[in-house]
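Here are the chains, one letter per residue:
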Amino acid sequence: MWRDRKPEDRRRWVLDPLEGVGPLRFGMDRDEVRAALGEVSVSSSQAALDGSFRDSYDDMGLTLLHVPGMLLAGVAVHAETGPQVSLAGVELMDRVPSEVSADLHRVARGQGVRVGVNRDGDPEIAAWGLSMGAVQAWETSAEGYPVRTDRAITQALVVAPELADDPYATDLVTLWRDIREEPVNTGGWPARQPRAPGSHRRPGPSSSRTASGITTASGRRMRPMAGCSISGPFAQM
């Protein structure tokens, strides 16, 4: 079972900022990617109308993002199943987020590199093409069932130069993550003015869903992407 995979059994990759990670180089086509990964098969794929697409390799804990022309432009590495990735001696995967953040800030200060924050509130460094993330950790119970833990652990998205400045502002990443209408994390809790006594909340507009897409309350029409839906461990990444 993948949750029983020990750290020593996972591949160890090094992040080469803006160039690639492990054996994968940005700009590779689909055939070159498969040759670099070896005898592994694609678990699921999703294509967009502009020709960009993503391939998921669940057995390796990877989601690969390709720009039009089938060229590799992003690699998402899952916290528990993907390779152990390091940068300048810092282990990026499957760790406490605050510890990884502290290590990245230390290395960035030494290199004179700016550390930003992505829409989820995690470190993002354009100079390295790195955007961190975190997910809830799972473990296997004594009875053999997967159970949630109270821990959050890190995972990473690494991208090519053309996506590095703001990965989540690019169509390729937002469509993959399905965050087209998701609000950006502002770093604070939303505050609402208390209602006056005796007042009533008016029912708000709703959205409708059909086989051809979604119509929001504002009248905006969203069409589903061509291909299969997102599934597997990256669905919540």
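Residues numbered from 1 in each chain as written. Predicted model: local features only at pLDDT ≥ 70, side-chain atom pairs only at ≥ 80, totals over all residues. Heavy atoms only, no water.

Regarding its fold elements, the protein chain presents four helices and 16 strands. For the protein chain, the residues scored as buried account for 40% of the 237 residues in total. For the protein chain, restricting intrachain contacts to residue pairs at least 6 apart in sequence, the fraction spanning at least 24 positions comes to 51%. (Helix = DSSP H or I, 4+ residues; strand = E, 2+ residues; numbered from the N terminus. Buried < 20%, exposed > 50% of the residue type's maximum accessible area, 1.4 Å probe, protein only. Contact = heavy atoms within 4.5 Å.)

Right, let's get into the sheet that holds strand β9 (residues 90-91). In space, the five strands of this open sheet follow the order β3-β2-β1-β8-β9, with mixed pairing throughout. Edge positions in the open sheet fall to β3 (24-25) and β9, since each of these has one partner strand only. Summarising the sheet, strand β2 (residues 20-21) and β3 pair through two bridges and their orientation is antiparallel. By the bridge assignment, Gly20 is partnered in β3 with Arg25. (Pairing = 2+ DSSP bridges.)

Turning next to the nonpolar core. Considering soluble globular proteins, one finds that nonpolar side chains tend to be buried as a cluster. If you look at the biggest cluster of nonpolar residues, it comprises 44 residues, and the most contacted ones within it are Val75, Leu92, Leu104 and Leu130. Among the elements that line this core, the one with the most residues is strand β7 (residues 71-77), at five residues. Beyond its immediate chain neighbours, meaning those up to four positions away, Leu92 contacts Leu15, Val85, Leu87, Val100, Leu104, Leu130, Met132 and Thr154. (Core = buried A, V, L, I, M, F, W, Y, C linked by side-chain atoms within 4.5 Å.)

Topologically, Asp165 is positioned in the loop between α3 (161-164) and α4 (171-177). With relative accessibility at 70%, the residue Asp165 sits in the exposed group. Along the backbone, Asp165 and Ala127 are 38 residues apart, and their C-alpha atoms lie at a distance of 8.0 Å. Setting aside residues up to four positions removed in sequence, Asp165 forms contacts with Glu124 and Ala126.

Turning next to the side chain of His66. Residue placement: His66 occurs in strand β6 (residues 62-67). We classify His66 as buried; its relative accessible area is 1%. Here Met70 takes part through its backbone oxygen, which lies 3.2 Å from a polar atom of the side chain of His66. His66 has contacts with Met28, Arg30, Val33, Ser52, Phe53, Asp55, Leu71, Leu72, Ala73 and Leu172, leaving out every residue within four places of it along the chain. (Polar contact = N/O pair within 3.5 Å; in protein donor to acceptor, adjacent residues only side chain to side chain.)

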